[in-house]
Amino acid sequence: MSAATATTAPAAALSADARIPLRGHLRHTGALIRRNLLWIRQDPESMFDALLMPIVFTLLFVYVFGGSIGQALGGGQDAYVQYVIPGMLAMMSMTMSQGVGTGFSQDFNSGVMDRFRSLPIGRGSVLFAKITVEVARMLFATTVLMIVSVLVGFEITSWTGLFAAVGLSALFASSIMWVFLTLGVILKNAQSVQGMGFLVLFPLQFGSSIFAPTNSMPSWLQHFTDYNPLSTLADAARGLMVGGPVAHDLWVTVGWSVAITAVMAPVAIHKFRTKN
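Now for a description of the structure that goes with this document. What you see is a predicted model, and the numbers here were worked out from it, not measured in a lab.

Another aspect to go through is the pattern of salt bridges. It is possible for side chains of opposite charge to pair when their charged atoms get near one another. Overall, the coordinates contain three salt bridges when judged by the stated rule. A salt bridge links Asp49 to Arg137; the nearest nitrogen and oxygen atoms lie 2.9 Å apart. Of this pair, Asp49 sits in helix α3 (residues 48-73) while Arg137 sits in helix α6 (residues 123-151), and the two are 88 residues apart along the sequence. Judged by its relative accessible area of 7%, Arg137 is buried. Note that Arg137 is salt-bridged to Glu134, the shortest N-O span being 3.0 Å. With Arg137 and Glu134 both in helix α6 and three residues apart, the pair spans about one turn of that helix.

So this is what it looks like as structure tokens:
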């Protein structure tokens, strides 16, 4: 490709994308969702993380940490199960979101995205389709999580609250996916995306109320957890699923989700449209 062609290609893509009507974008998104689902059907191993991760993490935290942290909660392992499972729901939304970035980077390096970008389709449709399928994978992982949770003793006190917590987690996950899609576009390979994702995920997950109450943490760390969206998501899910205060954490989580999407979605789409 010549330098002149490389320079004019992003401008041509932007012009073509602007001429596609909303119905066209929706049709393209639907076709790409079907393509991604067929790819998963042909490569079922890509679902291993969604199947095994909730099983491994649930058993690990319940049977390794459940006794000691449960005693601090005043009820033993059973009390910890009721505490940690809503937090695991929040963790799953963040962890599964990372996969969209690594998969997107792999598609770029394999040439799949070059083929998509050469077609007369909406550029945003590629990203929306990717997010839709990843949210579906997250919901599958959440289903596995709840099955395992019931087997280890979790009591579902409100089905309405459970579905509301799952919906809130899916909303937050879809917003975080825009961050990882941006990383998938600007970083050179999937390993870089995975490494950057680890640096983001690790402090957010463990510096939160997902796995343990924050009142025993140092004051500086408690200030961090107060502004950590995973803490508000975990606390909102906990209130919805097992009872407790909900309103404040619910609206803060929704606010985080809307703000992250409003900032990162245009960035991700722009980077994808203009990437040479």
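From this point on, the discussion continues.
A word on the side chain of Thr58. Take Thr58: it is sitting in helix α3. Using a relative accessible area of 1% as the deciding quantity, one classes Thr58 as buried. Separated by 2.6 Å, the side chain of Thr58 and the backbone oxygen of Pro54 make a polar contact.

What the rule picks out here adds up to ten aromatic pairs. With 5.6 Å between their ring centres and 50° between their planes, Phe104 and Phe272 make a pair best called tilted. Note that Phe104 is positioned in helix α4 (residues 76-110) and Phe272 in helix α11 (residues 247-274), a separation of 168 residues in sequence. Across the pair, Phe272 and Phe104 agree in class, each one buried. Of the aromatic side chains, those joined through ring pairs into one cluster are Phe57, Phe61, Phe65, Phe198, Phe202, Phe206 and Phe211. The residue whose ring lies beneath Arg35 is Trp39, and the NZ or CZ to ring-centre distance is 6.0 Å. Looking at Arg238, its charged tip hangs above the ring of Tyr83, at a distance of 3.8 Å from the centre.

Thresholds, definitions, all that
- Residues numbered from 1 in each chain as written.
- Predicted model: local features only at pLDDT ≥ 70, side-chain atom pairs only at ≥ 80, totals over all residues.
- Heavy atoms only, no water.
- Salt bridge = Lys/Arg side-chain N within 4 Å of Asp/Glu carboxyl O.
- Helix = DSSP H or I, 4+ residues; strand = E, 2+ residues; numbered from the N terminus.
- Buried < 20%, exposed > 50% of the residue type's maximum accessible area, 1.4 Å probe, protein only.
- Polar contact = N/O pair within 3.5 Å; in protein donor to acceptor, adjacent residues only side chain to side chain.
- Phe/Tyr/Trp six-rings, centres within 6.5 Å; stacked < 30°, edge-to-face > 60°.
- Lys NZ or Arg CZ within 6 Å of the ring centre and 35° of its normal.

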